[in-house]
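A structural walkthrough
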Amino acid sequence: MSDIFPVVAIGAMGGTIAMTPATPYAPVQPGLDAHDLVAAVPGLADIVEIQVENISNIPSPSMTVADVLHALDFARGAVASGADGVVLTHGTDTMEETAYLLDLLWDEDAPIVITGAMRSALMPSADGPANILAAVTTAVSPQARGLGVLTCMNDTVHLASRVTKSSSMSLETFESPGYGPVATVVEGTFRQRWALVSGRPSALPRPPVGPLDVALLEAAFGEDGRIISLAHQAGYRGIVVSGSGVGHVSTVAADVISDAIADGVSVVVASRTHGGGTAEAIYGYPGSEADLVERGAVMAGNLSPRKARLLLYVLLSHGCGRDEVATEFATRGAD
Ligand code: ASP
């Protein structure tokens, strides 16, 4: 910590928060850099010492594992040189995925807080500056240490492992279904509301930069198994199926999953509902969760299909087999 102010490292990655229109009300494009974003927050330099870095300036649907690892290196370097916390600005569309991938790999006590905006920078009542202020408040809060990677938007803080974007338009878009926000920022202070009973799982080793070789598919009504079969034939090393209810697929899809597992593909089944997670042994019919576990699939527990995909990716990149994958999902998907 600096002698006078806490130190925060702010890395800009892109997203709506950094977008501007070429002419008033035209569609927006990336335009602002980290210095512009910080300059838009009145008085920030009066409460913290700021270090800024331009990591990338891209819309978040195009974010890659390499971009996230670049942000990880930035955060590690900043904490190693004394930053009390790290703030990343990022698009909201895939914020939950970047947050979770970083959270899997982050082994420091200092928090990484990811923020962004739903309204672009030149819109009336743009939310970016207030979100940066709340994210900085969170990042330097001693109470946020040990919570890993957090998202902070609209004065509301979520754990990376639980958060999801719930509305394509609303300012209050981030939710943690079944859990709620882990904290709020009120009157300039970070206020924690709950904690995971089992604590924060330990960090995983960094994956090599390579293709994100895990397909994510939804088991929709009337699913005939073709899409899973195509993913199998396409050579994915892992497949995450977003199953119905507590982790179900049709009978025919279950047979296709068995074929893929027999060929060495790792299959994880998550729930396509937004809360409650998967079960292990409530139902026993073909395609049920108990049947899929019997066939060699792993259930994702409380991890969303998108987060299950990233966890499976990291585990497979380290050569984990079915038992290790099952153990990690049992730990990280638990309450
Ligand atoms: N709608 C997005 C955002 O809020 C665009 C993106 O994710 O980059 O930033």
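Preceding block: the structure.
Throughout what follows, the structure given in this document is the object of discussion. Just so you know, the residues in each chain are numbered from 1, in the order the chain's sequence is written. Where totals are concerned, whole chains, interfaces and linings use all residues; where local detail is concerned, this predicted model gives features only for residues with pLDDT of at least 70, and gives and counts side-chain atom pairs only at 80 or more. Processing note: side-chain calculations cover all non-hydrogen atoms of the structure and skip hydrogens and water entirely.

**Brief notes about the overall build of the protein**
Strands are runs of DSSP state E lasting at least two residues, helices are runs of H or I lasting at least four, and both sets are numbered from the N terminus onward. Broken down by element type, the protein carries nine helices and 16 strands. Radius of gyration: over C-alpha atoms. The globule rule applied is 2.2 Å multiplied by the number of residues raised to the 0.38 power. Since a compact globule built from 335 residues should have a radius of gyration of about 20 Å, the 20 Å found for the protein is in line with a globular shape. Its C-alpha atoms give the protein principal-axis dimensions of roughly 60 × 45 × 35 Å. Looking at the protein alone, contacts between residues at least 24 apart form 72% of all its contacts between residues at least 6 apart. A 1.4 Å probe and the Shrake-Rupley method give the accessible areas. Residues count as covered only by the protein chains that appear here. Within the structure as shown, the protein displays about 14,200 Å² of accessible surface, and the carbon and sulfur contribution to it stands at 54%. Contacts are assigned to residue pairs that have any heavy atoms within 4.5 Å of one another.

**Structural notes on the layout of surface pockets**
A cavity here means a set of 1 Å grid points, computed over protein atoms only, where a 1.4 Å probe fits but cannot escape. A pocket is an open set with protein on both sides within 12 Å along at least 5 of 7 lines, and lining residues have an atom within 4 Å of a point. Grid points are joined across faces, edges and corners, and a volume is the space filled by probe spheres set on the points. Approximately 430 Å³ is the volume attributed to the largest pocket. In terms of lining, the largest pocket is formed by 26 residues, of which the most central are Ser-271, Thr-273, His-274, Ser-304 and Pro-305. Counting only elements with at least two residues in the lining of the largest pocket, the list comes to strand S9 (164-165), strand S13 (214-218) and helix H8 (305-317). Amino acids outside the nonpolar list (Ala, Val, Leu, Ile, Met, Phe, Trp, Tyr, Cys, Pro) and the charged list (Asp, Glu, Lys, Arg) are all regarded as polar, and Gly is one of them. Split into classes, the residues belonging to the lining of the largest pocket amount to six nonpolar, 13 polar and seven charged.

**Brief notes about unusual backbone geometry**
Phi at Asn-154 is positive, roughly 55°, even though this residue is not glycine. Tracing the sequence through the fold places Asn-154 in the loop between strand S7 (149-153) and strand S8 (156-159). Positive phi, close to 50°, is recorded for Glu-187, a residue that is not glycine. Relative to the elements of secondary structure, Glu-187 occurs in the loop between strand S11 (183-186) and strand S12 (189-192). Accessibility expressed as a relative area gives 74% for Glu-187, which makes it exposed. A 1.4 Å probe rolled over the protein chains alone gives each residue an accessible area, and that area as a share of the maximum for its type sets the label: buried under 20%, exposed over 50%, partly exposed in between.

**With respect to the pairing of S8**
In S8, alternate side chains face the same way, and those of Thr-156 and His-158 on one face and Val-157 and Leu-159 on the other are all buried. Where S7 meets S8, four bridges bridge the pair, whose relative direction is antiparallel. Opposite Thr-151, over in S8, you have His-158 as the bridge partner. Any two strands between which DSSP finds at least two bridges are classified as paired. Two successive antiparallel strands, S7 and S8, enclose a turn made up of two residues, where Asn-154 displays a positive phi of approximately 55°. Judged from the two bridges that link them, S8 and S11 form a sheet pairing that is antiparallel. What sits directly across from Val-157, in S11, is Ala-183.

**Re a nonpolar patch on the surface**
In this scheme, patches are assembled from residues that exceed 30% relative accessible area and form no salt bridge. Like charges are connected within 9 Å, while nonpolar side chains (Val, Leu, Ile, Met, Phe, Trp, Tyr) are connected within 5 Å. Salt bridge criterion: a side-chain nitrogen from Lys or Arg within 4 Å of a carboxyl oxygen from Asp or Glu. On the surface, a nonpolar cluster with roughly 320 Å² of combined accessible area is contributed by Ile-282, Tyr-283 and Tyr-285. With respect to the helices, strands and loops of the structure, Ile-282 is situated in the loop between strand S15 (266-271) and helix H7 (289-294).

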